[in-house]
Amino acid sequence: MKLHGIVALSLPVVLAASFVSAQTLVEHPEKLTYAPLTYTPPSAKDHRVVLSNGIVAYVIEDRALPLINIQATVRAGAWLEPVGKEGLARLTGSQMRAGGTKSLTAEQFDERADFLAAQIGSSMGDTSAGASLNCLADNLDDSLKLFIEMLREPRFQEDRLKLAKDQILQDMKKRNDESEGIEAREFSVLLYGEQHLSNRFSTEASINSITSADLKAFHDMYYYPKNMILAVSGAFTKAEMVKKLEAAFANWPSPSRVVGLIPPGIKPAPPGFYRINKDVNQGRVSVGIPSVLRTSPDIYALEVMNEILGGSGFTARITKRVRSDEGLAYSAGSGIGFGTYFPGRFRASFQSKSSTVAYALQLVFEEIKKIRETPVSDEELLTIKNSLIQTFPSSFESKAQQAGVFASDEYTKRDPLFWSTYRDRIQAVTAADIQRVAKTYLVPEKMITLVVGNQAEIAKGDGKHDVTVDKLAGGKVTELPLRDPMTMKPMVK
């Protein structure tokens, strides 16, 4: 019986294989042809709604699952913190969710959210704040009421605030434990400056000074309808959801004040080599330079250039040379960002055992020099452009993603033509464009190099190659001390 069953089940497969063989197989995979990929990104204006109280909302129906997703973006962030209150923004963001509301204790709020199977969150970063609701469509009314109460009337319960501050202070003590954290922190300071908003570190004193009254005042100053943008998707009709949002925010007035602008300036350290001593068996290296604002016409060529140089994984030049060919690092590559309010940054980085740090760094410099001086190959250019163009639709894969992109673009005032023209502008990038932007922006004499690790071991080299960090630096390396983790002031030996 089993044998007959197998034979019977196999016959359709054999027939199908014969049909495919006769109809579609070609002599070589390179001869396969495909219909061109056609995709039109969704239009933000089709989903944009302005509520009667001034809130801009992007509302998109999605009945794939019986769920509702709401994301609120608020124009607030760490750039608005008073001096001496560093950490206030993040505490405000986290304690809005953790600390209860006017009518509910923190414990009651947690219980109510659990009962409704509603996931509710809030947070605040350097340049924006956010809150989120994910709930069942059947529970929308009660869940939305809970969400709005958190946004409008947070309690900032004292015991929850104390717990959060204690956890921050405990984590603060670990700031110098991992070389990865040291490298990320100090490289940011080198590229943007000590006083830049992204480098205003909280301290033991600043955290201890923050009270629930501070949180309430900070919240009340920036959380109001006209200062919010909503991204809404899920199982509803658009008209029905707009009606519910109008009702939910109806009695929440907005003041006439306008939130100040995010400061645009940066103050990079002088170009050159910097090092920080940390007793670990591997060195971490970052090489970089501030890049451009996203309004620059060069962002497309810069993106393609970076993908070829170090951003596209195993096919990227730095990755292949340092990791695959030489086996000097598990992770090596580069990334580039384009700033919204201040310049982004280019960063090439790797981690290698102490003895091979200098040689790996030499290879990175060689690859930067090569992409500046020699046009990239047609194959590299075609591969990267096709990759960027063909993966473009993933930015709009779900309705929630679409609403989120539209809300983010509203918040940051992105050029409305960006998405509709992106692929054409990537396609137009030439090898000459890549060489031009590499020469313009990846200037070795203007770059900052940071080496974190056991400097005595790194200085020894690998014994095989006549290269050291000092030689690469021309003998000019600036020693940076570690910071006291609780005060963030340099520790003097």
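Above this text you will find the structure in question.
Values in this document were obtained by computation on a predicted structure and should not be read as measured data. (Residues numbered from 1 in each chain as written. Predicted model: local features only at pLDDT ≥ 70, side-chain atom pairs only at ≥ 80, totals over all residues. Heavy atoms only, no water.)

Draft legend 1. Up close: the packing of aromatic side chains. For the coordinates displayed, the defined rule picks out 15 aromatic pairs. With a centroid separation of 5.1 Å and an interplanar angle of 65°, the aromatic rings of Phe218 and Tyr222 are classed as edge-to-face. Placement of the pair is Phe218 and Tyr222 together in helix α8 (residues 212-222), with a separation of four residues, close to one helical turn. Pair check on accessibility: Phe218 and Tyr222 agree, each one buried. Between Phe249 and Trp252, the ring centres sit 6.1 Å apart and the planes meet at 10°, which makes this aromatic pair stacked. (Phe/Tyr/Trp six-rings, centres within 6.5 Å; stacked < 30°, edge-to-face > 60°. Helix = DSSP H or I, 4+ residues; strand = E, 2+ residues; numbered from the N terminus. Buried < 20%, exposed > 50% of the residue type's maximum accessible area, 1.4 Å probe, protein only.)

Draft legend 2. Inspection of the packing of helix α10 (residues 299-311) against helix α12 (residues 357-373) at higher detail. For the pair α10 and α12, the least separation of the axes is 11 Å and the interaxial angle reads 145°. Viewed along their axes, α10 and α12 form a crossing whose handedness is right-handed. Touching Met305, Ile308 and Leu309 of α10 are Glu367, Ile368 and Ile371, all from α12. Classifying every residue of the contact of α10 with α12 by side-chain character gives five nonpolar, no polar and one charged. (Axes fitted to C-alpha atoms, helices over the stretch in contact; angles between N-to-C directions. Left-handed = near helix turned anticlockwise from the far one by under 90°. Contact = heavy atoms within 4.5 Å. Nonpolar A, V, L, I, M, F, W, Y, C, P; charged D, E, K, R; others polar.)

Draft legend 3. Structural context of the nonpolar core. Counting residues in each nonpolar core, the largest one holds 136 residues, and the members touching the most others are Phe147 and Leu151. The biggest single contributor to this core is α12, with nine residues. Filtering out sequence-adjacent residues up to four positions away, Phe147 remains in contact with Ile70, Ala72, Ile120, Ala131, Ser132 and Leu133. (Core = buried A, V, L, I, M, F, W, Y, C linked by side-chain atoms within 4.5 Å.)

Draft legend 4. Looking closely at the packing of α12 against helix α16 (residues 431-441). Packing of α12 against α16 brings their axes to within 7 Å, and their N-to-C directions diverge by 125°. Taken together, the axes of α12 and α16 are oblique relative to one another. In contact with Ile371, Arg372 and Glu373 of α12, α16 contributes Ile434, Gln435, Ala438 and Lys439. Taken together, the residues that form the contact of α12 with α16 break down as three nonpolar, one polar and three charged. (Parallel < 35°, antiparallel > 145°, perpendicular 65-115°, else oblique.)

Draft legend 5. The pairing of strand β6 (residues 228-234), seen in detail. Burial within β6 is extensive, with seven of its seven residues counted as buried. Side-chain alternation along β6 places Met228, Leu230, Val232 and Gly234 on one buried face and Ile229, Ala231 and Ser233 on a second face that is also buried. The sheet contact formed by strand β2 (residues 56-61) and β6 spans six bridges and is parallel. Counterpart to Glu61 in the pairing with β6 is Gly234. (Pairing = 2+ DSSP bridges.)

Draft legend 6. Molecular detail of the sheet that holds β2. An order of β1-β2-β6-β3-β5-β4 is seen for the six strands of this open sheet, with the pairing classed as mixed. Edge positions in the sheet fall to β1 (48-50) and β4 (119-124), since each of these pairs with one other strand and no more. Adjacent strand axes in the sheet meet at a mean angle of 15°, parallel and antiparallel pairs treated alike. When strand β3 (residues 67-74) meets β6, the two strands line up antiparallel, connected through seven bridges. Residue pairing in the sheet places Gln71 in a bridge with Ala231 of β6. In the packing of helix α4 (residues 140-152) onto the sheet, contacts are made with β3, β4, β5 (129-136) and β6, and the angle to β5 comes to roughly 165°.

Draft legend 7. Summary view of unusual backbone geometry. Its identity is not glycine, yet Phe156 carries a phi of approximately 55°, on the positive side. Tracing the backbone shows Phe156 in the loop between α4 and α5 (158-172). Unlike most non-glycine residues, Met488 shows phi in positive territory, near 60°. With respect to the helices and strands, Met488 occurs in the segment after β12 (477-479).

Draft legend 8. Region of interest: the environment of Gly453. Structurally, Gly453 can be placed in strand β11 (residues 448-453). C-alpha of Gly453 to C-alpha of Ser352: the two residues are 101 residues apart in sequence and 9.9 Å apart in space. Apart from the residues lying within four places of it in its own chain, the contact partners of Gly453 are Ile276, Asn277, Lys278, Val280, Gln282, Gly283 and Ile458.

Draft legend 9. A look at the pattern of salt bridges. Taken as a whole and judged by the stated rule, the model has 27 salt bridges. Arg275 serves as the salt-bridge partner of Glu479, at 3.1 Å between the closest nitrogen and oxygen. Of the two residues, Glu479 sits in strand β12 while Arg275 sits in strand β7 (residues 272-277), which places them 204 residues apart along the sequence. For Glu479, a relative accessible area of 46% corresponds to the partly exposed category. (Salt bridge = Lys/Arg side-chain N within 4 Å of Asp/Glu carboxyl O.)

Draft legend 10. How the structure looks around α5. Look at α5: 21 Å from first C-alpha to last across 15 residues, which is about the 21 Å you get at 1.5 Å a residue. Burial in α5 covers these residues: Leu161, Ala164, Lys165, Leu169 and Met172. Buried residues of α5 fall within an arc of 135° about the axis and therefore sit on the same side. For α5, the secondary structure elements touched by its buried residues are α2 (88-98), α7 (204-209) and α8. (Expected span 1.5 Å × (residues − 1). Arc of directions from axis to C-beta.)

Draft legend 11. Up close: the sheet that holds β7. Sheet architecture is open: six strands sit in the order β9-β10-β8-β11-β7-β12, paired in mixed fashion. Two strands lie at the open edges of the sheet, namely β9 (332-336) and β12, each paired on one side alone. In this sheet, adjacent strand axes meet at a mean angle of 20° when their direction is disregarded. Here strand β8 (residues 282-290) runs beside strand β10 (residues 345-353); their pairing, made up of nine bridges, is antiparallel. Residue Val285 lies in a different strand from β10, and its bridge partner there is Phe350. Along the sheet, helix α11 (residues 317-325) contacts β9 and β10; its crossing angle with β9, the most-contacted strand, is approximately 160°.

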